[in-house]
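# Structural characterization, general
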Amino acid sequence: MIRELRLPHGTLQLPVFLPDGTQGVVRTLDARDLENAHIQAVQMNAFHLMQRPGSSTIQALGGLHQMAGWQRPIFTDSGGFQIYSLLRQNAKSGSISDKGATFRPEGSDRKFNLMPEKSVQLQLSYGSDVVICLDDCTHVADSLVEQEKSVARTVQWAARCKTEFEKIVRQRELSEGKRPLLIAVVQGGAEPGLRRYCAERLLEIGFDGYGYGGWPLDANGNLLTDMLQLTRNLIPPQFTLHALGVGHPANVLACARMGYNIFDSTMPTRDARHGRLMIFTTDPHTSYLDEAGDFFRYIYIKDKKYVKASLPLSEFCDCLTCTRYSLGYLHHLYSLNDVLYQRLATLHNLRFMMQLMENLRKSR
């Protein structure tokens, strides 16, 4: 079992949760806020960053670390899932072929081309610590024919990504400790045979780590436990396995118990901004967390019962929000739609996720 991951900008203790700073920022927080919440690394997205602020701007500002004032590791997602989401919502906005993806974001007059090679070039130019291969994402309910196309493209694109990655690493003369890592994504929807085929082909090509690709939930919102477990079983334990997009605490716990050790999601920060806050029901420093999901609950801060609540949000949390402010004050800030609420709420939900990771690391 891997306990740590050494990267150019620091060593991560595993398992680790990465807040999504999709466009170069974890919304409402700065780098010091993230450090105070004990965040080890963040995940950004090449699909969004190539549009705003744009690659030339990022390079002019010294790369993502310098631009964001964040000196700890940064993972960059290729944008495969975002392209899939864009085209699923509006097929006229672009297309995917064996060469790569062409798309026009909503409200933009400009067309973008994202090929496997370009995705790697962009991520490396941004100064990423972990580069994720461009993959062809599908919905779990897509037809077998679509899933087969997706797997074939994902494997082909991963091979092209690795070739480009190795070429740039050689050109830059990056040593083993200085070069970023390259992760490939296992697709296959809910088809065990395709998941197996994809994993085996990617392992033959050889990468530093792997990820579970595609939407991890079924039509009813339940975790695709069988597919996630199968994928973990297919990837040898000496490799990290990233549960891409998994962020619900119960799902993180379930996947961590399977052996997944990297997670990312917008859910904790998005929920915080919209008034849904997570608190532990028992002390995470002393408790073994129950996979049934009752180890935590939600506080809906707009509820009028919190108007005069003088207690902190959580007795088990050491974040700025819980050590200095009351539930009643958070309710007041939320009712005002004040930006301070968004900052304090986001700080708390991320600290909750870090405490969850700390508990998982202790119970390995």
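Here the structure is a predicted model, which means the values were calculated and not measured. (Residues numbered from 1 in each chain as written. Predicted model: local features only at pLDDT ≥ 70, side-chain atom pairs only at ≥ 80, totals over all residues. Heavy atoms only, no water.)

What follows is about the sheet that holds strand β7 (residues 101-103). Pairing is antiparallel across the open sheet formed by three strands, whose spatial order is β6-β7-β8. Strands at the two margins of the open sheet, each flanked by one partner only, are β6 (94-96) and β8 (112-114). Across the sheet, the axes of successive neighbouring strands diverge by a mean angle of 15 degrees, strand direction being ignored. Bridge analysis of β6 against β7 gives three bridges, and the strand direction is antiparallel. Bridged to Gly-94 within β7 is Phe-103. Along the sheet, helix α5 (residues 80-89) contacts β6, β7 and β8; its crossing angle with β6, the most-contacted strand, is approximately 125 degrees. (Pairing = 2+ DSSP bridges. Helix = DSSP H or I, 4+ residues; strand = E, 2+ residues; numbered from the N terminus. Axes fitted to C-alpha atoms, helices over the stretch in contact; angles between N-to-C directions. Contact = heavy atoms within 4.5 Å.)

Bridge count between strand β1 (residues 4-7) and strand β2 (residues 10-13): four bridges; the pairing is antiparallel. When the bridges of β2 are listed, Arg-6 appears paired with Thr-11. The antiparallel hairpin formed by β1 and β2 contains two residues in its connecting segment.

With that settled, the discussion passes to the sheet that holds strand β9 (residues 130-132). The strands making up a sheet are joined through hydrogen bonds of the backbone, oriented either antiparallel or parallel. What the eight strands build is an open sheet, ordered β3-β13-β12-β11-β10-β9-β5-β4; its pairing is parallel. Looking at the sheet topology across the chains shown, the edges are occupied by β3 (16-19) and β4 (42-45). Strand after strand, the sheet turns through a mean of 25 degrees between neighbouring axes, direction not considered. Here strand β11 (residues 209-212) pairs with strand β12 (residues 240-243) via four bridges, running parallel. Counted as the bridge partner of Gly-209 is Thr-240 from β12. Helix-sheet contacts for helix α6 (residues 116-126) involve β5 (74-77) and β9, and the interaxial angle to β9 is about 160 degrees. Packing of helix α14 (residues 339-362) onto the sheet brings it into contact with β3 and β13 (262-265), and relative to β3 it is tilted by some 165 degrees.

The next subject is the pattern of salt bridges. For the coordinates displayed, the defined rule picks out 15 salt bridges. In this structure, the salt-bridge partner of Arg-6 is Glu-4, at a minimum N-O distance of 3.2 Å. If you follow the salt bridges from partner to partner, you end up with Asp-98, Asp-136 and Arg-153 in one network. (Salt bridge = Lys/Arg side-chain N within 4 Å of Asp/Glu carboxyl O.)

Across the interface, helix α13 (residues 327-336) lies against α14 with an axial gap of 7 Å and an inter-helix angle of 130 degrees. Considering their axes alone, α13 and α14 lie oblique with respect to each other. Considering only the axes of α13 and α14, their crossing is left-handed. Residues Tyr-329, Leu-330, Leu-333 and Tyr-334 of α13 form the contact with α14, whose own contacting residues are Leu-340, Tyr-341 and Leu-344. (Parallel < 35°, antiparallel > 145°, perpendicular 65-115°, else oblique. Left-handed = near helix turned anticlockwise from the far one by under 90°.)

Moving on, we come to the side chain of His-65. Its place among the elements puts His-65 in helix α4 (residues 64-68). Setting aside residues no more than four positions away along its own chain, His-65 makes contact with His-9, Trp-70, Gln-71, Arg-72, Pro-73, Ile-74, Gly-127 and Asp-129.

Further remarks concern empty space enclosed by the protein. Overall, the coordinates contain two cavities of 30 Å³ or more when judged by the stated rule. Size it by volume and the largest cavity reaches roughly 40 Å³. Lining the largest cavity are Gly-80, Ile-83, Tyr-84, Ile-96, Ala-101, Leu-134, Asp-135, Asp-136, Cys-137 and Trp-157. In terms of residue class, the lining of the largest cavity is made up of seven nonpolar, one polar and two charged. Within this model, the second largest cavity holds a volume of roughly 30 Å³. (1 Å grid on protein atoms, 1.4 Å probe; cavity = no way out; pocket = protein on both sides within 12 Å on 5 of 7 lines; lining within 4 Å. Points joined across faces, edges and corners; volume = space filled by probe spheres on them. Nonpolar A, V, L, I, M, F, W, Y, C, P; charged D, E, K, R; others polar.)

In this model, the largest pocket occupies a volume close to 1300 Å³. Forming the boundary of the largest pocket are 48 residues, of which Thr-22, His-48, Phe-81, Gln-82 and Thr-266 lie nearest the centre. Secondary-structure elements contributing two or more residues to the lining of the largest pocket are β4, α2 (46-49), α5, β13 and α11 (267-273). If one sorts the elements of the lining of the largest pocket by residue count, α5 sits on top with five residues. Here the lining of the largest pocket is composed, by residue class, of 16 nonpolar, 21 polar and eleven charged. Approximately 320 Å³ is the volume attributed to the second largest pocket. Forming the walls of the second largest pocket are 15 residues, and the residues nearest its centre are Met-1, Ala-256, Gly-259, Tyr-260 and Arg-364. For the lining of the second largest pocket, the class distribution of residues is nine nonpolar, three polar and three charged.

With that out of the way, let us pick up the packing of aromatic side chains. Tallied over the entire structure, the rule returns 14 aromatic pairs. Each ring, one from Phe-207 and one from Tyr-210, has its centre 6.1 Å from the other, and the planes form 85 degrees; the classification is edge-to-face. Neither Phe-207 nor Tyr-210 differs from the other in exposure class; each is buried. Ring geometry for Phe-295 and Phe-296: centres 5.1 Å apart, planes at 50 degrees, overall tilted. By relative accessible area, Phe-295 is classed as buried at 2%. Taking the relative accessible area as the measure of exposure, Phe-296 reaches 9% and is therefore buried. Counting every residue linked through ring pairs, the aromatic cluster contains Phe-280, Phe-295, Phe-296, Tyr-298, Tyr-300 and Phe-352. Here the guanidinium or amino end of Arg-195 rests over the ring plane of Tyr-212, the centre of that ring lying 4.0 Å away. (Phe/Tyr/Trp six-rings, centres within 6.5 Å; stacked < 30°, edge-to-face > 60°. Buried < 20%, exposed > 50% of the residue type's maximum accessible area, 1.4 Å probe, protein only. Lys NZ or Arg CZ within 6 Å of the ring centre and 35° of its normal.)

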